[in-house]
Amino acid sequence: MYKGTPELALRPREIGESGCFMRKIIPVALFLAAFTSLQFLTPASAATNKCSWDSASGWVARENALPGYQGWAKEIRLGFTSDYPFGMQDKKTQSYLDSGYTSKYVQGWFDSSSATCGQKVQLHLRGNNEPVIISLFRLGYYGDTGARLVKKIIAARVREEIRLNVSPAPEKIVYTEWPSYFDFIPDESTPPGQYVFRLDDKYNKSSLVPLTIVDPQSSAPLTFVSSVFTWQMYNHWGGYSAYKGPNLKRTTRSVVTSFNRPYDGDGSGQLRYMEAPVISKIEKLGIDTNYITDFELDSIPSAITRTKSIAFGGHAEYWTSNMRKNIEYALAHSVNLINLGGNAAYNRPLLQNKNRELAMWRDSGFVDPRGKDPLLATSAWRDAPINQPESLILGSQYVGLGLKADYTITRPSAWPMSVLPNLETLKNVVGREVDSPLYSKGPAVQVLAHTTVTFRKRVIEPMATYYNTESLAGVINVGTNGWVCGMENICPWHPGIPLETQSALQAVTGEILIEAAKGPLGKTHPAKVDVPARP
């Protein structure tokens, strides 16, 4: 990969929060400044290894007392990243979503999904031969604005990059070799959390690039895991994902996906609708949180050894062997597991090529070269040669796709639904993918909510479940993708979550997070048994 400073592209200059922030057209003076005042700048120097981040109790509340920025995602349409690209429903954006390298959109990707204090990560960009303003936002609550503007940077004349690389079959890896325009090094101004880098130029074709800033020394009571492996598997940028090829058929899909390309949709993967509402709720409550990604959960077991609870957002489908092993270890040591989605821990991918690629051979028409190896085969966890269904951990497992229904609260007086007085139904929250404990082996569970639907000509019963491990850890699986996006009525596949349901989802989620951050849920909220153990 090209590592040097690109021709005609100069290293960025930071501008303060009071600097000009582009809405639709960057003023001419700003463009001139981008070429004159930046041309003699050198690459960012190495930062110190000690950022003096505020990590004392209450740091998240203090962080969220800072001013927010209401328009952080203004004019950037929420993009649906799924096995059926959002462009199928909107032909006007088809070329952007499926062949983004030919569009006018400013796009980019980092050479790492996360970074910590003093660690340099590079932002690779394509543009329109114009300067680009890079606005760095930290996601949170911030008075209900959703984000705080940390700084702005100008990258001079980001060139067009028309070339797209697609490796031969069967892998069909889509990747780019765009040059780096910006060396980002987390410092004292960028405390741990989930960040997005907004990219703008004069064409008003903006996009986002996500990055998680991690504190390896965190002992926060709650750990939130950003599901970047799942985002990448569904990423259709360049015409290929792990689900579909350019003709939108599984037979032409990628067997291996690369992180060296932007995410489709708005550029942030599934962050905005599957995770951002939870992050906002966590920070509104002031819960000190350890922010990590799938990468840390896979490769750094200590990332979750000092926490009391681990939480996932609305879609955490892809778990490597190391991820599952580390979760199992945490559960055995009284750490709670909260899954606020559906279809979690379903597939087992394999990291390769210095952890910049994910392999998944199932349904490809080609033979997995490691297909008989129970340690290295890529398949659903429940399938041979692994034979370890996700229900053994979550209490329930994936049973259907494309559904839409209401949840009926099973025990209104039982925790955590007891925070909803006089409410019996969570309307329109069931979908897009759903789970149930009834069709697989697993532990005895309490049913928090349930529904009955017809799927592929058979009746199934999706459920939200809760159980306690022998160590008294609590495991909650809400069993639907619609929970997190329903908190703010931003589910791309079925809008129209009633306000009453939004408020209820906010209340229950808050109760779960608050109690889970205190310690083993089995001590304070022992689960009742509705569905017996299935050996």
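In every chain, residue numbers begin from 1 and rise along the written sequence. Two thresholds apply to this predicted model, a pLDDT of at least 70 for residue-level local features and 80 or more for giving and counting side-chain atom pairs, whereas whole-chain, interface and lining totals are computed over all residues. Only hydrogens and water are set aside; all other atoms, that is, all heavy atoms of the structure, feed into the side-chain values.

Caption draft 1: Representation of the confidence of the model for the chain within the structure. For every residue, the predictor assigns a confidence score, pLDDT, that lies between 0 and 100. Of the residues in the chain, 87% have a pLDDT of 70 or more, and the chain-wide mean is 88. By the convention used here, residues are in contact when the closest approach between their heavy atoms is within 4.5 Å. For residues 1-49, every residue scores under 50 in pLDDT, and the model assigns this stretch 110 contacts once sequence neighbours within four places are set aside. The low-confidence segment residues 85-99 (pLDDT under 50) makes 34 contacts with residues lying over four places distant or belonging to another chain.

Caption draft 2: Main features of the pairing of strand S6 (residues 147-158). For the exposure calls, accessible area comes from a 1.4 Å probe over protein chains only, and a residue counts as buried if that area is under 20% of its type's maximum, exposed if over 50%, partly exposed in between. Strands here are runs of E lasting at least two residues and helices are runs of H or I lasting at least four, both read from the DSSP assignment and numbered beginning at the N terminus. Of all 12 residues that make up S6, 11 are buried, and the element is covered over most of its length. The rule for pairing is simple: two strands pair if DSSP sees at least two bridges between them. Bridge analysis of strand S5 (residues 130-139) against S6 gives 9 bridges, and the strand direction is antiparallel. By the bridge assignment, Ile134 is partnered in S6 with Ile153.

Caption draft 3: Summary view of the state of the cysteines. Any two cysteine sulfur atoms within 2.5 Å of one another count as a disulfide. Taken as a whole and judged by the stated rule, the model has 2 disulfides. Paired through a disulfide, Cys51 and Cys117 show a sulfur-sulfur distance of 2.1 Å. Between Cys51 and Cys117 the sulfur-sulfur dihedral comes to about 100°; the bridge is accordingly right-handed. Pair noted here: Cys51 is in the loop between helix H1 (28-36) and helix H2 (59-64) and Cys117 is in the loop between strand S3 (114-115) and strand S4 (121-126), with a separation of 66 residues, a long-range link. Exposure class is identical for Cys51 and Cys117. Each is buried.

Caption draft 4: Layout of the sheet that holds strand S9 (residues 180-184). Read across the open sheet, the 3 strands follow the order S2-S4-S9; overall the sheet is antiparallel. With one partner strand each, in any of the chains shown, strand S2 (107-110) and S9 form the two edges of the open sheet. Taking the axes of each pair of neighbouring strands and ignoring which way they run, one obtains an average angle of 25° across the sheet. Sheet topology places S2 next to S4; 4 bridges connect them, and they run antiparallel. Each bridged residue has a counterpart across the sheet, and for Phe110 the counterpart in S4 is Leu123. The angle between two axes is taken between their N-to-C directions and runs from 0 to 180 degrees, where each axis is a line fitted to C-alpha atoms and a helix contributes only its stretch in contact.

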